[in-house]
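As a plain string of letters, each chain reads:
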Amino acid sequence: MIFTDPPVKSLTIPLIQNIQLDHSFAWIGTWSMLGKLIISFLKKDKPDNEDGFDALEFIDEMLKKVRQLCQYSIHARPGFGLRKPDDIASDAVHNIEAFALGKSVYNLNAFWAPWLGLAKPLLDKSLFGGIPLRFVEFVDDTIGKITNMFWNIRRISLGLIPYDGGTNSESLAEKQEEVRSFVGYMLSNYLLKPLGIMNKRIFGSFLDLAQDLSYNFNRDKFYDLLRSSAKNYWGNIKALFSARYECPHENGKTKIIGEEEPENHHLYVRSKILSKLMSFWAGLGGTMLNSSSMGLDLIAKIFNSEKLQKTSNYLTDLANGLMACVYMTGEIPANINEFYKKWKANPRQDYRNLFVAGIGFLGMLYRMRVVPGISFAMKAIGIKPILEQWSKQLENLFLLFFSYNRLVLHNDERKRAEAVSSIEDIHKTESLQSLTRQMILPLRVLLKDPEVTYPH
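Notes on the structure in this doc start here. Please read all numbers here as calculations on a predicted model, not as lab measurements.

Quick look at the overall build of the chain
Inference 1: What the chain contains, in helices and strands, is 20 helices and two strands.
Inference 2: Across the 456 residues of the chain, 52% fall into the buried class.
Inference 3: Long-range pairs, those at least 24 residues apart, make up 78% of the contacts in the chain between residues at least 6 apart in sequence.
Inference 4: A total of about 22800 Å² of accessible surface is found on the chain, and carbon and sulfur atoms cover 62% of it.

Okay, structure coming up:
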C-alpha cells in the first residue's frame, strides 16, 4: 500500500542537493544542541515563583525550538536509502495513522512552536492571573507530547512485525499490511478519534482515518489479525532465545539468526530483535502515558495546580524513559554496528559512529532513570544520584544524539552521492554549504520558503 507520493520537487532536484539540505538541517540541529549543552553549565537554578526575563533561559528555549524545526524538516520527507543507524527510513512500517500524526508533528514543530517560544518571555505571570502564559505553555507542552506520540505509535506496529533476516520480501510485506490494519484500526478508533474530537484543526485527518480503517473491518477479521500479530510477536520471542527463526519469505523454513545479514555483527542482530520485542510495550505504554499527560496538563493549567503539573510531567518522563529503553537496544547498537562495518571495509580512524553511540548511551541512561525497576537498580548501585546531579547537562544529550546521528549519516550519504553526481550538481551543492546559507535556513522554514518546506 502506498500512503503518500514522494514530493515532486524532490524528484526534480538532484539527489546530492536533497541530501545536502538534510545535512544542513542536521548541522544546525547539532550545533543548536551543543549550544544548549554549553548554556546548561551557565544556567543557575531559580525559584519557581521568581518572575522576570531570563536571557539564558530564553536562548536555551529558542535553541531547542530551532533544533526541533530542523529535525522534523528532515523527517518530513521520505529517506533516500536504508539508514541502519536511524529507523526513520530503515523499516517499512510507516503505518498510516503514524503518517497522519507525523504531518501534524512537522507542521507544529516547523511553523508553530518557534513562535510560541518567542511569545513566552513577553507574557507576564501576573497578566490576567497568568492565564495567557499558562495557555501558551499548555499548547507548547502539547506539541511536545504529540511529537512523542508519533514515535510511540510507530513503535507499536514495528514491535509486531516478525524478524525476517533483514530481507524485504512479498510475504513480509503481507504481514506488515496485516499489522498496519490491526494497529491502525485500534489506534484510530480508540485513541486518535477521541483526540480528533478534542481538536479537529490539528487531529481532523484522524477522523477520516478511523472511518477508512473501519470500512469492511468486521469481528472475524479483527480476531484473525489479533491472532496473526500475537503469533508474530511470539515468533520474535522464540527467535531471541533460540537463535533461530522461521523465515517468512521461505515458507517458514528455520534459519539461524544473522544468516541472511552477515555484514552485521551477530550481537547487533540479537539486539535488534530485543528492541522489536520492547517496541510494542514501550510504544503502547508511551502512547497512553503521553495522552494521559496531555489531559492532566490541561487541568493543571486551568486550575494552576502545581501537584497535577508535576504528575503530568512525570507521566511524560516515564513515557520517554520507556522509549529510551528501546533506543538503548536499537539505535545505539546500530551505530556501534555501523562503525564495525566501516572498520571491516576500510580500517581507518573514523570513530564518529562510536561517538554518536556514546552520547546516546548517556542520554538514554538519564531518561531511563525514572522507569520502575531500572530506577531501583540505578539507585542501588549509586548511578541515579550522579545522573540527577548532572541532569541539566544530560537531558540535552538525548536530542543531541539524534541530531548528531543524522549529521554523520547525511555526511556519509553526501560522499556516496558525490561519486555518482555531475560536476555541475556538485558545484551547485557547494554553494549551499556556506555558513550564511545554513544559518538562515530556520528563518526560511518559518517564512515557508517552498524550496525548504513541505506544506503538502
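Regarding empty space enclosed by the protein
Inference 1: On inspection of all chains with the given rule, the structure shows one cavity of 30 Å³ or more.
Inference 2: In this model, the largest cavity occupies a volume close to 30 Å³.
Inference 3: Lining the largest cavity are Phe339, Lys342, Trp343, Asn346, Arg348 and Asp350.
Inference 4: Looking at the lining of the largest cavity, its residues break down into two nonpolar, one polar and three charged.

Overview of unusual backbone geometry
Inference 1: Phi at Ala243 is positive, roughly 65°, even though this residue is not glycine.
Inference 2: Position of Ala243 relative to the elements: it lies in the loop between α9 (219-242) and β1 (244-247).
Inference 3: Given the relative accessible area of 24%, Ala243 is considered partly exposed.

Side note on a nonpolar patch on the surface
Inference 1: A cluster of nonpolar side chains, Ile38, Phe41, Leu42, Ile386 and Trp390, forms an exposed patch at the surface whose accessible area comes to about 550 Å².
Inference 2: At three residues, the largest contribution of residues to the nonpolar patch is made by helix α2 (residues 15-42).
Inference 3: Tracing the backbone through its elements, the reader meets Ile386 in helix α15 (residues 383-389).

A word on helix α6 (residues 131-159)
The α-helix advances 3.6 residues per turn, and as a result positions three or four apart in sequence lie on the same side.
Inference 1: The end-to-end C-alpha distance of α6 is 41 Å, a good match for the 42 Å that 29 residues give at a rise of 1.5 Å each.
Inference 2: Most of α6 is tucked away, with 22 of its 29 residues classed as buried.

What about the packing of aromatic side chains?
Inference 1: Overall, the coordinates contain 17 aromatic pairs when judged by the stated rule.
Inference 2: Summarising the aromatic geometry, the rings of Trp27 and Trp31 are spaced 6.4 Å apart at their centres and angled 55° between planes, so their arrangement reads as tilted. In this pair, Trp27 and Trp31 are both assigned in helix α2, four residues apart and thus about one turn of the helix distant.
Inference 3: Classification of Trp27 by relative accessible area gives partly exposed; the value is 21%.
Inference 4: Grouping aromatic residues by their ring pairs yields a cluster made of Tyr327, Phe398, Phe401 and Phe402.
Inference 5: Stacked on the ring of Tyr366, the Lys or Arg Arg369 has its end atom at 3.9 Å from the ring centre.
Inference 6: Sitting above the plane of the Phe111 ring, Lys448 keeps its charged end 5.0 Å from the centroid.

With respect to helix α17 (residues 397-418)
Inference 1: Here α17 is 22 residues long and its end C-alpha atoms lie 31 Å apart, about the 32 Å a rise of 1.5 Å per residue gives.
Inference 2: Burial within α17 is extensive, with 19 of its 22 residues counted as buried.

Overview of the packing of helix α13 (residues 352-368) against α17
Inference 1: At a closest axis distance of 8 Å, the pairing of α13 and α17 adopts a crossing angle of 160°. On the basis of the axis angle, α13 is roughly antiparallel to α17. Of the two possible hands of crossing, α13 and α17 adopt the one that is left-handed. Contacts between α13 and α17 involve Arg352, Asn353, Phe355, Val356, Ile359, Gly360, Leu362, Gly363, Met364 and Arg367 from the former and Leu397, Phe398, Leu400, Phe401, Phe402, Tyr404, Asn405, Val408, Asn411 and Asp412 from the latter.

As for the side chain of Gln438
Inference 1: Examined against the element boundaries, Gln438 turns out to sit in helix α19 (residues 435-439).
Inference 2: By relative accessible area, Gln438 is classed as buried at 7%.
Inference 3: Only 2.8 Å separates the side chain of Gln438 from the backbone oxygen of Gln433, close enough to count as a polar contact.
Inference 4: Every residue in contact with Gln438, bar those within four places of it in the chain, is listed here: Gln20, Ser24, Trp27, Ile28, Leu432 and Gln433.

Analysis parameters
- Residues numbered from 1 in each chain as written.
- Predicted model: local features only at pLDDT ≥ 70, side-chain atom pairs only at ≥ 80, totals over all residues.
- Heavy atoms only, no water.
- Helix = DSSP H or I, 4+ residues; strand = E, 2+ residues; numbered from the N terminus.
- Buried < 20%, exposed > 50% of the residue type's maximum accessible area, 1.4 Å probe, protein only.
- Contact = heavy atoms within 4.5 Å.
- Areas by Shrake-Rupley, 256 points an atom, 1.4 Å probe, with all protein chains shown as cover.
- 1 Å grid on protein atoms, 1.4 Å probe; cavity = no way out; pocket = protein on both sides within 12 Å on 5 of 7 lines; lining within 4 Å.
- Points joined across faces, edges and corners; volume = space filled by probe spheres on them.
- Nonpolar A, V, L, I, M, F, W, Y, C, P; charged D, E, K, R; others polar.
- Patch = residues over 30% accessible without salt bridge, like charges linked within 9 Å, V, L, I, M, F, W, Y side chains within 5 Å.
- Salt bridge = Lys/Arg side-chain N within 4 Å of Asp/Glu carboxyl O.
- Expected span 1.5 Å × (residues − 1).
- Phe/Tyr/Trp six-rings, centres within 6.5 Å; stacked < 30°, edge-to-face > 60°.
- Lys NZ or Arg CZ within 6 Å of the ring centre and 35° of its normal.
- Axes fitted to C-alpha atoms, helices over the stretch in contact; angles between N-to-C directions.
- Parallel < 35°, antiparallel > 145°, perpendicular 65-115°, else oblique.
- Left-handed = near helix turned anticlockwise from the far one by under 90°.
- Polar contact = N/O pair within 3.5 Å; in protein donor to acceptor, adjacent residues only side chain to side chain.

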